[in-house]
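Geometric and topological summary
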Amino acid sequence: NVSAAVDTVELKESERHCKLYTGLLQPRTAPDFWQHFSVNSKTIASLPGVFSHGKLDEGSALLLDDLNANPVSGKKVLDAGCGAGVLTVHLMSANRVVTAVDISATALAACRQTLTDNDGQAEIIASDLLDNVTGRFHAIISNPPFHAGMARDLSLARRLIDQSRAHLVGDGELRLVANRNLPYHDWLSDAFQQVTIQQETARFRIWRARQPR
């Protein structure tokens, strides 16, 4: 029913089983797609299309636990693939100078809103992994994707590991959460001098790689 959303509907032409209408769109209130949830007393703002929309995923929860138990050393931290900003706002609240990057404009909007809702600040950069990142950091933190659409794609995580070396200080660290069946050990060992498993569950592992080669 066109008239439900359009005023002054007029039939202009009708020929060969087709009709041409004109009309004026009625002003409408945009739907509110935001969802908000709480993580460790922080309000997280999420939008459809952002990873783990509207809830904290199991991998990020484990990574947060590890960051609480074993805080990163150094001040400058990069959140690679920031999503809705769960890790970004945690690191910010731990008095780190945070840069947050994501390829998704929707994720960056959600991360920006999460920071606003928690009176936080961070540099936010649109970037395909670390392609647009400059400078070096004491730590890079990530829950990296391992799917492109529905297909499993480990090239994204491998690129992140390779790119991290150019953006860490000499004793810097890369800390990742990943499904425990993924082959991260060899890739991390090729790129870093020290590689350890911080924590693990039946599904996930926290990898900590230090001193890039």
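Coordinates for the structure precede this section.
Let us look at the structure shown here. Note that the coordinates shown come from a computational prediction; the quantities given were computed from them, not determined experimentally.

Quick word on the overall build of the protein chain
Secondary structure summary: the protein chain contains 5 helices and 13 strands in total. The C-alpha radius of gyration computed for the protein chain amounts to 22 Å, which surpasses the reference 17 Å derived for 213 residues by more than 25%, pointing to a less compact arrangement than a globule. In the protein chain, which comprises 213 residues, the share counted as buried stands at 41%. In the protein chain, 57% of the contacts between residues at least 6 apart in sequence involve partners at least 24 apart. Summed over its atoms, the accessible surface of the protein chain is roughly 11,600 Å², and 49% of this surface lies on carbon and sulfur atoms. Each charge class in the protein chain can be summarised by its mean position, and for the 22 positive and 23 negative side chains these summaries are 4 Å apart.

Digging into the nonpolar core
Formed by 30 residues in total, the largest nonpolar core has its most connected members in Ile44, Leu63, Leu67 and Ile141. Those elements giving two or more residues to this core turn out to be β3 (35-39), α1 (58-69), α2 (86-93), β6 (97-102), α3 (105-117), β8 (137-142) and β13 (204-212). Leaving out residues up to four positions away in the same chain, Leu67 has contacts with Val72, Leu87, His90, Leu91, Ile141 and Arg175.

A look at the sheet that holds strand β5 (residues 76-80)
Read from one edge to the other, the open sheet built from 7 strands follows the order β7-β6-β5-β8-β11-β13-β12, with strand pairing classed as mixed. Every other strand in the sheet has two partners, leaving β7 (123-126) and β12 (192-200) as the edge strands with one partner each. Looking at each pair of strands side by side, their axes are set apart by 20 degrees on average, direction ignored. Pairing geometry for β5 and β6, over 5 bridges, is parallel. Following the sheet pairing, Ala80 is matched in β6 by Val101. Against the sheet, helix α4 (residues 155-164) makes contact with β5, β8, β11 (168-179) and β12, and its axis sits at roughly 165 degrees relative to β11, the strand it touches most. The strands that helix α5 (residues 184-191) touches are β11, β12 and β13; relative to β12, the one it contacts most, it runs at about 145 degrees.

Some remarks on the pairing of β3
Bridge analysis of β3 against strand β4 (residues 42-46) gives 5 bridges, and the strand direction is antiparallel. Of the residues in β4, the one forming a bridge with Val39 is Lys42. In this antiparallel pair of consecutive strands, β3 and β4, the connection spans 2 residues, and Asn40 shows a positive phi of 50 degrees.

Observations regarding the packing of aromatic side chains
Throughout the structure, instances matching the rule amount to 1 aromatic pair. If you follow Lys76 out to its NZ or CZ, it ends over the ring of Phe137, 5.1 Å from the centre.

Conventions we followed
- Residues numbered from 1 in each chain as written.
- Predicted model: local features only at pLDDT ≥ 70, side-chain atom pairs only at ≥ 80, totals over all residues.
- Heavy atoms only, no water.
- Helix = DSSP H or I, 4+ residues; strand = E, 2+ residues; numbered from the N terminus.
- Rg over C-alpha atoms; globule rule 2.2 N^0.38 Å.
- Buried < 20%, exposed > 50% of the residue type's maximum accessible area, 1.4 Å probe, protein only.
- Contact = heavy atoms within 4.5 Å.
- Areas by Shrake-Rupley, 256 points an atom, 1.4 Å probe, with all protein chains shown as cover.
- Lys, Arg positive; Asp, Glu negative; His and termini not counted.
- Charge placed at Lys NZ, Arg CZ, Asp CG, Glu CD.
- Core = buried A, V, L, I, M, F, W, Y, C linked by side-chain atoms within 4.5 Å.
- Pairing = 2+ DSSP bridges.
- Axes fitted to C-alpha atoms, helices over the stretch in contact; angles between N-to-C directions.
- Phe/Tyr/Trp six-rings, centres within 6.5 Å; stacked < 30°, edge-to-face > 60°.
- Lys NZ or Arg CZ within 6 Å of the ring centre and 35° of its normal.

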